[in-house]
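Remarks on the overall topology
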Amino acid sequence: MLNSARLLVLLEIARRGTIVAAAQALHLSPSAISHQLARLEQELGVALVERAPQSLRLTPAGIRLAEHAQAIADLMAVAQDDLRAHAQGAAGVLRIGFFASAGLDLLPRALASFAAGNPQVELELIMGQPHELVPDLEAGRLDAAVVFEHPLDPWCRRAAVDVRMYFEEPQLVVVPLRHRLGRRSVVRLAELEGESWIGTHGGSTGEPVLERACAAEGFRPRVRCRSDHYQVTINLARAGMGVALIPALGLADSAGVHVCRLDHPQLHRRIGVATRATNRNPVLRAFLAELGAAAGEIRSLLDMRWA
């Protein structure tokens, strides 16, 4: 394999015309330059320079190899500039996992500010549930994961993963407009016993939060249909198919339905971000700062609307 340092020696000889001038440019002694050149010729088995008492010029093989050396030097310069940009956080790749309803407002707010300040950073966005994203984060396939956790359905924290929670997001009750609770602003879960429910399929444990919460109230919900897509759930409620629990971040379009706050100490989600302490991606810190700012804005909006 060709030695890149020796190729650069040949390139400087081609540029400067003499061994002495090449030595000065590379801050080496003339004897060191001559030694490197001789080693290169020995490795290749071809003469690269023609020596005369007072002059030196490249052979056709030397000219050709100097052209390759120039291309290699250009590529090394590009690589150095690229890595410098990565180290300074000006460029790079950021891989973010997120749950679906975080992609409606929270993540776009954070990424809008982040992208404005980091236009050369490439973003890879992967949607999934926290129990799906955390193993990818732990394995290094993600730099950060926007996650949630239910008090009634906590997930197992991993030692290699740091989790920072930003705010609590209320669970809301969505009912058709002509429902008997259509004028209420706050309801208790026990008041909904006997209703037809639009449920979910459950998280990492397989048992949905609705079923857990109702069991604690002493009844089993009558689930008519299930969907993990909150807009589909809202549309089903609008069509009179039943009532549903919707997290506040999933309430994108509430036209045609009535939304009530739920009086329950454990029916909310904690929203935060999971990272690895060992992650050295230089652009991660800037993203986390913007995500924290966006989370503060969302928390204020939720407090104003649902407090």
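Let us look at the structure shown here. Computed from a prediction, not measured in an experiment: that's the story for all the values here. Each chain has its residues counted from 1, following the order in which its sequence is written. Since the coordinates come from a predicted model, pLDDT governs what is reported: local features require at least 70, and pairs of side-chain atoms require 80 or more to be given and counted, while whole-chain, interface and lining totals use all residues. Side-chain measures were taken over the full set of non-hydrogen atoms in the model, leaving aside hydrogen atoms and water.

1. With respect to the pattern of salt bridges
Rule in force here: Salt bridge criterion: a side-chain nitrogen from Lys or Arg within 4 Å of a carboxyl oxygen from Asp or Glu. To qualify as a helix, a DSSP run of H or I must reach at least 4 residues; to qualify as a strand, a run of E must reach at least 2; elements of each kind are numbered from the N terminus. The buried label applies to any residue whose accessible area, calculated with a 1.4 Å probe on protein chains only, is under 20% of its type's maximum; exposed applies above 50%, and partly exposed to all values in between.
Counted under the stated rule, the structure contains 17 salt bridges. Measuring nitrogen to oxygen at the nearest pair gives 3.8 Å for the salt bridge that ties E149 to R270. Of this pair, E149 sits in strand β5 (residues 144-149) while R270 sits in strand β12 (residues 268-276); the two residues are 121 residues apart in sequence, bridging distant segments of the chain. The exposure class of R270 is partly exposed, given its relative accessible area of 26%. Put simply, R184 and E191 hold a salt bridge, and the shortest N to O gap is 2.9 Å. Using a relative accessible area of 31% as the deciding quantity, one classes R184 as partly exposed. Overlapping salt bridges, with partners in common, bring together R6, R39 and E43 in one network.

2. A short note on the packing of helix α1 (residues 4-16) against helix α2 (residues 19-26)
The condition that has to hold: Axis angles are defined between N-to-C directions and span 0 to 180 degrees, where every axis is a line fitted to C-alpha atoms and, for a helix, only to the segment in contact. Here the word oblique covers every angle except those under 35 degrees (roughly parallel), over 145 (roughly antiparallel) and from 65 to 115 (roughly perpendicular). For any pair of crossing helices, the crossing counts as left-handed if the nearer helix is rotated counterclockwise from the farther one by less than a right angle, and right-handed if it is rotated clockwise. It only takes one pair of heavy atoms within 4.5 Å for two residues to be counted as in contact. Residues are grouped as follows: nonpolar covers Ala, Val, Leu, Ile, Met, Phe, Trp, Tyr, Cys and Pro; charged covers Asp, Glu, Lys and Arg; every other residue, Gly included, is treated as polar.
Between α1 and α2, the least distance of the axes is 8 Å, while the angle of their chain directions is 120°. If you check the angle between α1 and α2, you find them oblique. As α1 runs across α2, the sense of the crossing is right-handed. The residues of α2 that touch α1, namely those facing L8, V9, E12, I13 and R16, are I19, A21, A22, A25 and L26. Taken together, the residues that form the contact of α1 with α2 break down as 8 nonpolar, no polar and 2 charged.

3. Topic: the environment of D143
Short version of the rule: Pairs of N or O atoms are called polar contacts if they sit within 3.5 Å, as long as, within protein, a hydrogen donor faces a hydrogen acceptor (for residues adjacent in sequence, only side-chain-to-side-chain pairs).
Here D143 lies in the loop between α6 (130-138) and β5. With a relative accessible area of 1%, D143 lands in the buried category. Separated by 75 residues in sequence, D143 and H68 place their C-alpha atoms 38 Å apart. In this structure D143 touches V93, L94, R95, L137, T275, N279, N281 and L284, once residues within four positions along its chain are discounted. Polar side-chain contacts of D143 include one of 3.0 Å to the side chain of N279. There is a polar contact of 3.3 Å between the side chain of D143 and the side chain of N281.

4. With respect to the pairing of β12
Keep this limit in mind: Strands are labelled as partners when DSSP assigns at least two bridges between them.
In terms of burial, β12 is largely enclosed, as 8 of its 9 residues are buried. Relative to β12, strand β6 (residues 161-176) runs antiparallel, the two sharing 9 bridges. From the neighbouring strand, V161 faces β12, where its bridge partner is R276.

5. Points about unusual backbone geometry
Phi is positive for H27, close to 60°, though the residue is something other than glycine. Along the chain, the position of H27 falls in the loop between α2 and α3 (30-44).

6. A look at a nonpolar patch on the surface
The following threshold applies: Exposure above 30% relative accessible area and the absence of a salt bridge qualify a residue for a patch, where like charges join within 9 Å and nonpolar side chains (Val, Leu, Ile, Met, Phe, Trp, Tyr) within 5 Å. Calculation of accessible area relied on Shrake-Rupley with a 1.4 Å probe; when residues are assessed, cover is drawn exclusively from the protein chains displayed.
The grouping of L2, L44 and V46 at the surface amounts to a nonpolar patch, some 210 Å² of accessible area in total. Structurally, L44 is set in helix α3. Among the residues examined, L44 registers a relative accessible area of 36% and is labelled partly exposed.

7. Comments concerning the packing of aromatic side chains
Inclusion rule: Pairing of aromatic side chains requires ring centres within 6.5 Å, counting the rings of Phe and Tyr and the six-membered ring of Trp. Pairs whose planes differ by under 30 degrees are stacked, by over 60 edge-to-face, and all others tilted.
Under the counting rule described, the total for this entry stands at 2 aromatic pairs. Ring geometry for F114 against F287: centres 6.0 Å apart, planes inclined by 90°, an arrangement best described as edge-to-face. One end of the pair, F114, is in helix α5 (residues 106-117); the other, F287, is in helix α9 (residues 284-306), with 173 residues separating them in the sequence. The burial state of F114 is the same as that of F287; both residues are buried.

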